[in-house]
Every structure is written in C-alpha cells, then in structure tokens.
Amino acid sequence: MYENERKQLIAKLSQSGIKDISVLKAMFNVERHLFVPEAMIQHAYKDVALPIGFGQTISQPFTVAFMSQALKIKAGAKVLEIGTGSGYQAAVLAKMGMKVYSIERQFDIYQMTLKLLDELQIRVFCKWGDGTIGWDEFAPYDAIIVTAGSPSVPAALQKQLQMGAKLVIPVGDKNSQTLKIITRIDESNFDVEESPDFSFVPLIGREGWKE
Ligand code: SAH
C-alpha cells in the first residue's frame, strides 16, 4: 500500500541531498503509515513530523534520512538509538541491515512500539529506561543516534562509542537544536561537525532536561 506515495517521498529526499542508497532503499521499504496513529495516515508520506500521542512525535522523514546517512554505517553495524518513539527510525536502521538497540523512557510508548515491531517482524532490541546513560551491557556501539533534543552531550554516550564511530545528537534549547555529528577519534579525542536548525522533542533524564 501507498507505494506511489513512498516513491514520491524518496524522490524528494534524494533531491534534498540524501545520497546514501541504503537509506533511500530502507525508507522505500518501511511503511511509515503503519507507525502513525490512524487519524494521521493521510499525512504519513508528507515530509513532516506527526504527533504519535503521549506528547511525542514521529520525526520528519528528511530528519530520519539525514541522521541515518550521517551515521556512516554499513550493514551489520551495532547501533544504539535513544528515543524509540513510534519505532520508525529503528525500523529504517533495521531494514538497512543494522543490529538495533533502542531505549524509550515512556512506558506506554515502549509497550505500544514493542508490540508493533513484533507484529511487523522487525527485529529491534527494545528497553524501557533513561537513555541518557546509554546501554552499557552491549557497548561499544558502531553508532549512536539520539532522536530527542538535549541540553548537552551525555558523557556516557561518548564513552559507549567504538573508536571511529559516530554519535549523532541534537543539542540546543527546547525549541531548536543543532545536530552534532561527533566522531570518536581515540580514547579521549572527538571530532565534531554541526548542522543547524532541527527541532526535536526534549530528551528528559539524568544527563538531559529535568522534567
Ligand atoms: N525515533 C523516534 C522519535 C520519537 S520522539 C521515531 O522514529 O518515532 C523522541 C522520543 O524520545 C519520545 O518518545 C520520548 O519519550 C523519548 N525520550 C525522551 N527522553 C528520553 C530518554 N532520556 N531516554 C529514552 N527515551 C527518551
């Protein structure tokens, strides 16, 4: 269903500078309309963020594509996502062939998305908890993606990066953030690239915003 709509969305993303074929392919294959509430289905293939209930949103397709591309990973990589939300970003990474670990702090969302990913037979290791402290058990990761806006870069996430791996995280105030693409050079050195003007819901937790 909605194959034409997805084709048009992919064409638009490609014109907007998304060149990574594995990202475009995965976004063609993941049915975004299954990740939004029923009342939002007619908007599922517009390039906009949409409400998913519980005060949260499913990220804009361009943002998902841009972040997935920025991670610079190859199939088989182990990726940690903070902010499972609807599960759409996690599903895109899984379709790209990644081994995905994802943490969500709101229990209702965690449960809803666990069920959906299971029904769709998309393999993602989900956890309910505070992602600002990462998921030490399976570290180090080949990439870490944070899909909520943070006041600063949580130290634990930098620590759980493999050497050479990237952490992509929106950092700023509650309304607007700069996307930081941080590469771990060695034990204690990190390179940072920045891309301005993103808008995510807040990252709430020990190393994020306080409620
Ligand atoms: N990747 C999601 C985007 C969801 S919005 C998608 O594709 O739909 C961001 C999500 O981050 C929200 O569900 C919010 O509850 C969650 N979140 C906020 N702070 C968090 C934290 N400290 N740890 C884990 N999840 C968090």
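As a starting point, this report considers the structure included with it. The model shown is predicted, which means the values in this text are computed figures rather than measured ones.

To continue, consider the packing of aromatic side chains. As enumerated under the stated definition, the model contains twelve aromatic pairs in all. Ring plane angle 70° and centroid distance 5.7 Å describe the contact between phenylalanine 35 and tyrosine 88, whose orientation is recorded as edge-to-face. Here phenylalanine 35, found in the loop between α2 (21–29) and β1 (50–53), pairs with tyrosine 88, found in helix α4 (residues 88–95); they are 53 residues apart in sequence, far enough to count as distant. Here the aromatic rings of phenylalanine 62 and phenylalanine 66 are separated by 5.7 Å at their centres, their planes lie at 35°, and the arrangement is tilted. In this pair, phenylalanine 62 and phenylalanine 66 are both assigned in helix α3 (residues 61–70), four residues apart and thus about one turn of the helix distant. No difference in accessibility class separates phenylalanine 62 from phenylalanine 66, as the two residues are buried. Here the aromatic cluster, defined as three or more aromatic residues joined through ring pairs, consists of Tyr101, Phe125, Trp135, Phe138 and Tyr141. Between arginine 6 and the ring centre of phenylalanine 28, over which it is positioned, the NZ or CZ distance is 5.7 Å. Positioned above the aromatic ring of tyrosine 88 is the side chain of arginine 32, whose terminal nitrogen or guanidinium carbon lies 5.7 Å from the ring centre.

Quick look at the site of the ligand now. The full set close to the ligand counts 27 residues, and Glu81, Ser86, Glu104, Gly131 and Ile204 are the nearest of them. Glutamate 104 is positioned such that a nitrogen or oxygen atom in its side chain is 2.6 Å from an oxygen atom of the ligand. Within the side chain of threonine 147, a nitrogen or oxygen atom sits 3.1 Å from a nitrogen atom of the ligand. For the ligand, whose free accessible area comes to 580 Å², the fraction covered by protein is 99%. For the shell around the ligand, the secondary-structure elements that each account for two or more residues are β2 (56–58), β3 (78–82), α4 and β4 (99–104). Among the elements that take part in the shell around the ligand, β2 stands out by supplying three residues, more than any other.

Reading the values: the criteria
Residues numbered from 1 in each chain as written. Predicted model: local features only at pLDDT ≥ 70, side-chain atom pairs only at ≥ 80, totals over all residues. Heavy atoms only, no water. Phe/Tyr/Trp six-rings, centres within 6.5 Å; stacked < 30°, edge-to-face > 60°. Helix = DSSP H or I, 4+ residues; strand = E, 2+ residues; numbered from the N terminus. Buried < 20%, exposed > 50% of the residue type's maximum accessible area, 1.4 Å probe, protein only. Lys NZ or Arg CZ within 6 Å of the ring centre and 35° of its normal. Near = heavy atom within 4 Å. Polar contact = N/O pair within 3.5 Å; in protein donor to acceptor, adjacent residues only side chain to side chain. Areas by Shrake-Rupley, 256 points an atom, 1.4 Å probe, with all protein chains shown as cover.

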